[in-house]
Amino acid sequence: MPTNLLGLDSQGIEQLFAGLGEKPFRARQVLKWIHRRGAADFAAMTDIAKDLRAKLAAQAVIEPPAVVGDGTAADGTRKWLLKVDGANAVEAVFIPEDGRGTLCVSSQAGCTLDCEFCSTGKQGFNRNLTAAEIIGQLWIANQALGVHGHPGGVGAGNRVISNVVFMGMGEPMLNLDAVIPAARLMIDENGYGLSRRRVTVSTSGVVPGMDRLAAECPVALAVSLHAPGDALRDRLVPINRKYPIRELLAACNRYLDHAPRDFITFEYVMLDGVNDSDAQAKALLGIAARVRCKFNLIPFNPFPNSGMKRSSAERIRRFAEVLQRAGLTVTTRKTRGEGIDAACGQLAGEVADRTRRARSVPIVEVRA
Ligand code: SAH
Ligand code: SF4
């Protein structure tokens, strides 16, 4: 099998080049061609010696996933369905906003964790994505948005995609072998050159993964809290039974030791009558007192047979007010991508479930 250079971070590609008897700076040149200019063909790399190009072509490829669906919502949100193998496809979503553009990437085909309110979780799990399949989502989005074709390509003051969030399908902390090289490429100056704080990994609270990410690539961290106490969180986010809130908060603080001046973003999905009362908001203040944090309230996005409802706009406003009165920074996520099922928690892709979970729950229709 030829090596797919797309998934190699600078260390990986330098190692490969060392094996070919080539200098590290040549490796960095190739990295720039791939990620800053979007080259998929060695022949295009005109400042690389012809014999090296031939050597590379003989044993390596630059292969992004194939785009099998591409849809844009009325608000400009765009979703790609990317085929990663014969049986599985994952989704990536671009969300344009004033002054910035965010790409939401997937890290797994499906998810093993089965949170009650999440469509990906209800679909079951097939496999981890490779680093090439993860960074390939950013590569493809840049290609599709015309950034690669732009003079200078990625960088050069050209920031169509200014932020990346690992909030698509899957639990990134259960696939760090691939997530870490992909995140490193995002912040590498020869790669996508994003600042560490503009790359956010979101986790449902896989504590050992949080410690590893802190040590190896401490980008911004979002934690899916969703409940103020263990009894409710055990039900909504089942991984809580393994890593309860006390341990989760300790891991957040260890993470912040590696990311000075940062804060944790606690994500909190607003579920009508489940976790949205004033008393529950007040109970969150106890958590907020223990970790440097902000809150991001996410109005629940329903999917077929979810059995739950979104809190009303007024309830969300009042919930936010309780937190704000206590001095916390609170944002409420705007629902984007309606009409193309591109909102948080609606990404379904096509997952050949190996957990048999999907059999008991009707699969969400995919419209791409
Ligand atoms: N597995 C990671 C990242 C992917 S989910 C995690 O759980 O954090 C990204 C965010 O979307 C999480 O905060 C998740 O709880 C939230 N989410 C999942 N389903 C949702 C839904 N139906 N409506 C709104 N947010 C949802
Ligand atoms: Fe997995 Fe995150 Fe969905 Fe939970 S919310 S099932 S961890 S993708």
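Use the structure listed above.
Residues numbered from 1 in each chain as written. Chains lettered and ligands numbered in written order. Predicted model: local features only at pLDDT ≥ 70, side-chain atom pairs only at ≥ 80, totals over all residues. Heavy atoms only, no water.

### Focus on unusual backbone geometry
At step 1: Phi angles above zero are rare outside glycine, and aspartate 114 is one such case at about 60°.
At step 2: Structurally, the position occupied by aspartate 114 is in the loop between strand 7 (108–110) and helix 4 (119–122).
At step 3: Look at arginine 261: it is not a glycine, yet its phi comes out positive at around 70°.
At step 4: If you trace the backbone, arginine 261 turns up in the loop between helix 9 (245–258) and strand 12 (264–270).
At step 5: Using a relative accessible area of 69% as the deciding quantity, one classes arginine 261 as exposed. (Helix = DSSP H or I, 4+ residues; strand = E, 2+ residues; numbered from the N terminus. Buried < 20%, exposed > 50% of the residue type's maximum accessible area, 1.4 Å probe, protein only.)

### So, the site of ligand 1
At step 1: In the neighbourhood of ligand 1, 20 residues make up the surrounding shell, with Phe117, Ser202, Ser224, His226 and Asn301 lying closest.
At step 2: Taking phenylalanine 117, its main chain carries an N or O atom lying 2.8 Å from a nitrogen atom of ligand 1.
At step 3: Take serine 202: an N or O atom from its side chain is 2.7 Å from an oxygen atom of ligand 1.
At step 4: Protein burial of ligand 1: of its 530 Å² of free accessible surface, 96% is covered by the chains. (Near = heavy atom within 4 Å. Polar contact = N/O pair within 3.5 Å; in protein donor to acceptor, adjacent residues only side chain to side chain. Areas by Shrake-Rupley, 256 points an atom, 1.4 Å probe, with all protein chains shown as cover.)

### Structural notes on the packing of helix 7 (residues 207–216) against helix 9
At step 1: It is the contact of helix 7 with helix 9, at a shortest axis distance of 9 Å, that shows an interaxial angle of 5°. The angle between the axes of helix 7 and helix 9 places the two elements in the roughly parallel class. On helix 9, the residues touching Val207, Met210, Asp211, Leu213, Ala214 and Ala215 of helix 7 are Glu247, Leu248, Ala251, Cys252, Arg254, Tyr255 and His258.
At step 2: Grouping the amino acids of the contact of helix 7 with helix 9 by side-chain chemistry returns nine nonpolar, one polar and three charged. (Axes fitted to C-alpha atoms, helices over the stretch in contact; angles between N-to-C directions. Parallel < 35°, antiparallel > 145°, perpendicular 65-115°, else oblique. Contact = heavy atoms within 4.5 Å. Nonpolar A, V, L, I, M, F, W, Y, C, P; charged D, E, K, R; others polar.)

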